[in-house]
2 protein chains.
Amino acid sequence: MIIDVGKRLRMLRQLHGLSQRELARRAGVTNGLISLVEMNRVSPSVSSLKKLLDGIPMSLAEFFTGDFNQRTPVFYAEDEMLEIGNEEVSLRLVAAQRVGRQMTLLRERYAPGADTGEEMLAHKGEEGGVVVRGRIELTVGKETRLLGPGESYYFPSNLPHRFRNQGREPCEIVSCCTPPTF
Amino acid sequence: MIIDVGKRLRMLRQLHGLSQRELARRAGVTNGLISLVEMNRVSPSVSSLKKLLDGIPMSLAEFFTGDFNQRTPVFYAEDEMLEIGNEEVSLRLVAAQRVGRQMTLLRERYAPGADTGEEMLAHKGEEGGVVVRGRIELTVGKETRLLGPGESYYFPSNLPHRFRNQGREPCEIVSCCTPPTF
DNA sequence: CATGAGTGTTTAGTATTATTGACGATATGG
DNA sequence: CCATATCGTCAATAATACTAAACACTCATG
């Protein structure tokens, strides 16, 4: 996602009913700088941006995480969800087409016998899920557990992990990961 | 949270096995700058930091949000999930106790007749969900739709929204929002 | 009309950041 | 042991962020 620091700052400032001078006073910078930053004539140093956000107040994390977009579909019928699985593991991705998504929401189906494989998955971010139907054996790091309906998991995705359905009925999970990996 | 830009950058760079020069090449800056930034001798401009993170790669949001913790439980049985609902709307929160979570994963139950209310909800971030059982009427902005099992939604949370279960059977949803609001 | 207090923008000068190129340290291979 | 390569740091210079002060504009108020 490409972000427009100036526009975002201006929006936030106005949202809080502050003038450039008032924010400048609170932040300990000059009003001129705020003008320049908001017009994208300069790219503020992190330390300056931090000062500015302290005056709002807002954290750098929030500032860069915040989304201020736009108009994409809200609702998704089953066949409007992008399907990316195979016959064993089926993934239906919610809001696949949405640009600048901050997370990936999936409906996952594991057929009996399905297995995401020996060489364990490992990527960035965090993921979690809730088992909706059936049972799944989940290994995260050195821990393994059999999860049933209503049970859940949550872990940083850099831990190696593996899903196996050793049961006789298909297993269905709703899961989410951030940042979006698909 | 007070962050140490230099330390964090160095950690990330080393985590990815990159030398200052290699990262410099990828980011389109000089190795000297990386050295100075990592020693906190300068506060990089946002544009420079962006370049550096592009070379990792990592978003500014992730960089400032980044959690680099820790050891918390991975699996959650039903009664290990924090419950925060009332009799109409029941929310079970996955990994509630986890510090620095980047998203909130919920199992929601709406009793027949449940309604999140006239004055519509509106907060920051994004949220999405999948209907697991029953039906729910969801209004987002000016759009309203009745969602059934397998159907889903995803929208920026600053749009006002409202959930109503007008049916006779309870409705169950697995939802996720980021950044975490609970 | 003034006049004054508010707004955001601009400009010239100063402070800080970023580049360039050289340095010492460490490691590898001939 | 000397060459060669790669590492992070540093000093001097170039580029850019930031400040201070003035400007132009709008809106109230007398």
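Residues numbered from 1 in each chain as written. Chains lettered and ligands numbered in written order. Predicted model: local features only at pLDDT ≥ 70, side-chain atom pairs only at ≥ 80, totals over all residues. Heavy atoms only, no water.

## Here we look at the overall build of chain A
Our working rule: Numbering goes from the N terminus for both helices and strands, where a helix is a DSSP run of H or I of at least four residues and a strand is a run of E of at least two. Residue contacts are counted whenever heavy atoms from the two residues lie within 4.5 Å of one another. Reported accessibility uses the Shrake-Rupley method at a 1.4 Å probe radius. Residues are deemed covered only where the shown protein chains occlude them.
A tally of helices and strands in chain A yields five helices and 10 strands. The contacts of chain A with a sequence gap of at least 6 include a subset with a gap of at least 24, amounting to 61%. Of the accessible surface of chain A, which amounts to about 8500 Å², a share of 51% is contributed by carbon and sulfur atoms.

## Comments concerning the protein's contact with DNA strand C
Rules: Think of it this way: one heavy atom of a residue within 4 Å of a molecule or strand is enough to make that residue near it. For this analysis, a polar contact is any N or O atom pair within 3.5 Å, provided that within protein one partner can donate a hydrogen and the other can accept it, and provided that sequence-adjacent residues contribute only side-chain to side-chain pairs. As a working rule, the residues Ala, Val, Leu, Ile, Met, Phe, Trp, Tyr, Cys and Pro are called nonpolar, Asp, Glu, Lys and Arg charged, and the rest polar, with Gly in that last group.
In the neighbourhood of DNA strand C, 20 residues make up the surrounding shell, with Arg13, Ser19, Gln20 and Arg21 of chain A together with Ser48 of chain B lying closest. Restricting attention to atoms of DNA strand C within 4 Å of the protein, one finds that 65% of them are sugar or phosphate atoms. Arg13 of chain A places a polar side-chain atom, nitrogen or oxygen, 2.9 Å from a phosphate oxygen of DNA strand C. When residues of the surface near DNA strand C are traced back to their parent elements, those giving at least two are helix H1 (5–15), helix H2 (20–27) and helix H3 (31–38) of chain A. With three residues, the top contributor of residues to the surface near DNA strand C is H3 of chain A. Among the residues making up the surface near DNA strand C, the classes are represented as five nonpolar, nine polar and six charged.

## Things to note about helix H3 (residues 31–38) of chain B
Residues and elements named next belong to chain B. Rules: Between buried and exposed lies partly exposed: a residue is buried under 20% and exposed over 50% of the maximum accessible area for its type, with that area taken using a 1.4 Å probe on protein chains only. Throughout, the arc means the angular range of directions from the helix axis out to the C-beta atoms.
Residues Ile34, Ser35, Val37 and Glu38 constitute the buried set of H3. Buried residues along H3 cover an arc of 165° about the axis, so they all sit on one side. Asn40 sits one or two positions beyond H3 and adopts a positive phi of about 55°.

## What to know about the sheet that holds strand S7 (residues 143–147) of chain A
All names here are of chain A. Quick reminder of the rule: DSSP bridges decide pairing: two strands pair if at least two such bridges lie between them. Under this scheme, a helix contributes an axis fitted over its contacting stretch, all axes are lines through C-alpha atoms, and angles between N-to-C directions fall in the 0 to 180 degree range.
The antiparallel open sheet is built from three strands, whose spatial order is S7-S6-S9. The open sheet has two free edges, formed respectively by S7 and strand S9 (161–164), since each of these has just one partner strand. Neighbour-to-neighbour, the strand axes of the sheet open up by a mean angle of 15°, direction not taken into account. Taken together, the five bridges between strand S6 (residues 136–140) and S7 define a ladder with antiparallel strand orientation. Along S7, the bridge assignment pairs Ile136 with Leu147.

## Digging into the protein's contact with DNA strand D
As a matter of local geometry, DNA strand D sits amid 19 residues, with Ser45 and Ser48 of chain A together with Gln20, Arg21 and Arg41 of chain B nearest to it. Near the protein, within 4 Å, the atoms of DNA strand D are sugar or phosphate in 71% of cases. In this structure, Arg41 of chain B approaches DNA strand D through a side-chain N or O atom, which is 2.9 Å from a phosphate oxygen. Broken down by secondary-structure element, the contributors of at least two residues to the surface near DNA strand D are helix H1 (5–15), helix H2 (20–27) and H3 of chain B. With three residues, the top contributor of residues to the surface near DNA strand D is H3 of chain B. Across the surface near DNA strand D, the residue classes break down as five nonpolar, nine polar and five charged.

## Brief notes about the packing of aromatic side chains
Let me state the cut-off plainly: Aromatic rings from Phe, Tyr and Trp, taking only the six-membered ring of Trp, are treated as a pair when their centres fall within 6.5 Å; an angle between ring planes under 30 degrees marks them as stacked, one over 60 as edge-to-face, and anything in between as tilted. Geometrically, a charge over a ring is one whose NZ (Lys) or CZ (Arg) sits within 6 Å of the ring centre while staying within 35 degrees of the ring normal.
With the rule as written, the count across this model stands at seven aromatic pairs over all chains. For the pair Tyr110 of chain B and Phe163 of chain B, a centre-to-centre distance of 5.6 Å together with 15° between the ring planes defines the contact as stacked. Here the residue Tyr110 of chain B occupies a position in strand S4 (residues 104–110), and Phe163 of chain B occupies one in strand S9 (residues 161–164), the gap between them amounting to 53 residues. The exposure class assigned to Tyr110 of chain B is buried, which follows from its relative accessible area of 3%. An aromatic cluster is built from Phe63 and Phe64 of chain A together with Phe63 and Phe64 of chain B, whose rings are joined through pairwise contacts. Arg8 of chain B extends its terminal NZ or CZ atom over the ring of Phe63 of chain B, reaching a point 5.8 Å from the ring centre.

## Notes on the pattern of salt bridges
Residue and element names in this part refer to chain A. For clarity, the threshold we go by: The term salt bridge refers to a side-chain nitrogen of Lys or Arg lying within 4 Å of a carboxyl oxygen of Asp or Glu.
By the definition in use, this model includes 22 salt bridges over all chains. Residues Lys50 and Asp54 are paired through a salt bridge, measuring 3.0 Å at the closest nitrogen-oxygen approach. Of this pair, Lys50 and Asp54 are both found in helix H4 (residues 46–54), four residues apart, which corresponds to roughly one turn of the helix. Given a relative accessible area of 45%, Asp54 falls into the partly exposed group.

## Digging into a nonpolar patch on the surface
Our working definition: Residues forming no salt bridge and having over 30% relative accessible area are the ones grouped into patches, like charges within 9 Å of each other and nonpolar side chains (Val, Leu, Ile, Met, Phe, Trp, Tyr) within 5 Å.
Residues Leu36, Met39 and Val42 of chain A make up a contiguous nonpolar surface patch of about 220 Å² in total accessible area. Locating Leu36 of chain A in the fold gives a position in helix H3.

## Observations concerning the confidence of the model for chain A
Residues and elements named next belong to chain A. Condition: You can read pLDDT as the predictor saying how much it trusts each residue, on a scale of 0 to 100.
Counting all residues, the mean pLDDT for chain A is 76, and 71% of those residues have values of 70 or more. Confidence scores differ between elements of chain A, with strand S1 (residues 75–76) showing the lowest mean pLDDT of 58 and H3 the highest of 90. Here residues 67–72 is a poorly scored stretch, pLDDT under 50, and it has 13 contacts once near neighbours within four places are set aside; other chains count.

## Some details on the packing of H2 of chain A against H3 of chain A
All names here are of chain A. Going by this rule: Any angle between 65 and 115 degrees counts as roughly perpendicular, while under 35 counts as roughly parallel, over 145 as roughly antiparallel, and the rest as oblique. In this scheme, a crossing is called left-handed if the near helix is turned counterclockwise away from the far one by less than a right angle; it is called right-handed if the turn is clockwise.
Here H2 crosses H3 at 115°, and the two axes come no closer than 8 Å. Relative to H3, the element H2 is oriented roughly perpendicular. The handedness of the crossing between H2 and H3 comes out as right-handed. Touching Gln20, Arg21, Leu23 and Ala24 of H2 are Asn31, Ile34, Ser35 and Glu38, all from H3. Taken together, the residues of the contact of H2 with H3 sort by class into three nonpolar, three polar and two charged.

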